[in-house]
Amino acid sequence: MGDIAPIPLMSFTLKRAGMGFDHIIIGSGINGLVAAAMLSKAGKRVLVLERNNRLGGTLRTEQATAPGFTHDVMAATWVLFMTSPAGAALGPDLAAHGMEYCHTPHPTAVLRPNGEALVCTTDQAANIAAWNALAPGDGAAHARDVGGILADAPFLFALLGGDLWSWSTAKLLFGQVRKRGLRGLAAWMGSALAPARGWLETTYQSPLVQALWAPWVLHCGLTPESTYSAQMGKVIAFAVEAAGAPVIKGGSGAAVRAFESLISSKGGQFRVNADVDEILVRDGRVRGVRLKGGEEIAAPSVLASVTPGQLYGRLLKGVNLPEDQAAVKTFRHGRGNFQLHYALSGEPDWIAPGLDKVALIHLSDGIDAVSKSANEAERGLFPETPTICVGQPHRLDPTRAPEGKAVLWLQIPDAPRVIKGDAAGEIATGPDWSDATREAFADRIEAILSRHIKDFASIRLARRAYSPADLQAMNMNLVGGDPYGGSCTIDQFFLWRPFAHSPGACPIKGLHHIGASTHPGPGLGGGSGFNAAKRLGA
């Protein structure tokens, strides 16, 4: 199907004699775009190089199923960006260049196989009342959880998103020592490492409240048993209640066009089909890049939004970095992602009331179901009952479908990267994804979806599935379909992302590693691009 409003390249100009660049940015995903916007606004001469034929990385909007039906193929929900430092710094400029959020007061819900459902709204009082009605005390527990995140927000979000190797973070830590004492700070850190299963099972009596939050840890690249997944679950509860689950009017591709317009207006330049073959290094310092085909472009600073494998295995040719090159061999990628999109002739009629205007609905039976599906995927199996996230973007943005019709955005965050079998013993498998295995897995997902939407077959017009292999083919950063830039377990996160020895900066002067594989990790917050740009004077 055709693309939606292909992104025009306003700045195709090559480097002219005597006019160099201050910064070259490899990759045009959210972190590359944020860095380019911040640096170009600060008057820096910026060139963004994208190996694909379009800008945006995972920000990709297409008529993937049928004409007139607009789908965000991958990234779709923008709450992390809207609430991030990058969003605060760039939001007014992007709005001036056409970027518009679309909202709903019903950001998320869970629908269990027995038809029970629970909706989280942006009204905290209503949520507290609903939780207490399910189990006395659950509403008060929710208020304590999100209230605790709010109380700790300056310190917590500095750790989650700030530049950890900075004086500002050191000052925050010292302030926390003065506030809590060393033992108090150690206790806070210890509680922050709790797994989501422990948090949910000891805090909430209602299985429905537990089921509401359990699937969200998968969107952090974690599982209910992962260290610090409880804290991430609380952060998500706080964020969606406070800010919702907004989408971009016209799709995430419209946000890319706004970024491109803003950066171009400040003198930044873009090139697509520009595959960087090598980052040029001489005497321990970056000198520029060489494209496939041999063209060299000079710059004293390169920001590379790539995976560690690409940076140290492909782009830094002949550079002796034994510690980093050894660490690449043990760097782990996480579960694959599976995307499924539907064009519908009418609105879905859910088996439970109150879900028609919800942005994101998880189909899950609760903690054990989430844990089971994630564990099966991590072991290389097609989950017998995958955890399914269903988006209804047309409910927030009516431009996504013709009048009276609908689109569904399905994300399955627990698909195997390398296939070893099928947990249900029904799908014939080999080690790699094929068209046949993709469609067989999509059939399984559709069968589950059909049990949650009344008479689904009568409104189903078309579908389009993307396996982890398809996603990697579209974006080489999605290794094995991993959308998180690598496993997000504690040993590959915070100070230890991407490597345990990472000192917060690349060992080559002028080289800055950004993207999901670096702190603060994945998502649309644009944190690593923002932090790098601030370090460079933006």
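Placed above this text is the structure.
Calculation rules
Residues numbered from 1 in each chain as written. Predicted model: local features only at pLDDT ≥ 70, side-chain atom pairs only at ≥ 80, totals over all residues. Heavy atoms only, no water. Pairing = 2+ DSSP bridges. Helix = DSSP H or I, 4+ residues; strand = E, 2+ residues; numbered from the N terminus. Axes fitted to C-alpha atoms, helices over the stretch in contact; angles between N-to-C directions. Core = buried A, V, L, I, M, F, W, Y, C linked by side-chain atoms within 4.5 Å. Buried < 20%, exposed > 50% of the residue type's maximum accessible area, 1.4 Å probe, protein only. Polar contact = N/O pair within 3.5 Å; in protein donor to acceptor, adjacent residues only side chain to side chain. Contact = heavy atoms within 4.5 Å.

S.K.: Would you explain the sheet that holds strand 6 (residues 108–111) in this entry?
M.R.: Where strands meet in a sheet, backbone hydrogen bonds hold them as pairs that are either parallel or antiparallel. Taken in spatial order, the seven strands line up as 7-6-15-17-18-14-20 in an open sheet, and their pairing is mixed. A single partner strand is all that each edge strand has here, and the edge strands are strand 7 (117–120) and strand 20 (460–466). Mean inter-strand twist for the sheet, computed between neighbouring axes without regard to direction, equals 20°. Note: strand 14 (residues 336–344) against strand 20, six bridges, orientation antiparallel. Within strand 20, the residue paired with tyrosine 342 across the bridge is arginine 463.

S.K.: What is the right way to read the nonpolar core from this model?
M.R.: In a soluble, globular protein the nonpolar side chains are often hidden away together inside. One finds Trp131 and Trp213 to be the most contacted residues of the largest nonpolar core, which totals 54 residues. Counting only elements with at least two residues in this core, the list comes to strand 7, helix 5 (138–151), helix 6 (153–161), helix 8 (182–192), helix 9 (196–203), helix 10 (207–213), helix 11 (229–243) and helix 15 (367–378). When residues in this core are grouped by element, the largest group, seven residues, is from helix 11. Of all hydrophobic cores here, the second largest spans 37 residues; its members include Leu59, Trp78, Ile263 and Ala533.

S.K.: Please clarify how the side chain of serine 40 should be interpreted in this entry.
M.R.: By secondary structure assignment, the location of serine 40 is in helix 1 (residues 30–41). Classification of serine 40 as buried rests on a relative accessible area of 2%. Among the polar contacts made by the side chain of serine 40, one reaches the main-chain carbonyl oxygen of alanine 36 at a distance of 2.7 Å. At a separation of 3.2 Å, a polar atom in the side chain of serine 40 contacts the main-chain carbonyl oxygen of alanine 37. Leaving out residues up to four positions away in the same chain, serine 40 has contacts with Val46, Ile263 and Lys266.

S.K.: Hey, could you run me through the side chain of serine 28 in this one?
M.R.: Secondary-structure assignment places serine 28 in the loop between strand 1 (23–26) and helix 1. A polar contact of 2.7 Å, which involves the side chain of serine 28, links it to the side chain of glutamate 50. Separated by 2.9 Å, the side chain of serine 28 and the backbone nitrogen of glycine 56 make a polar contact.

Keep in mind these values describe shape, not function.
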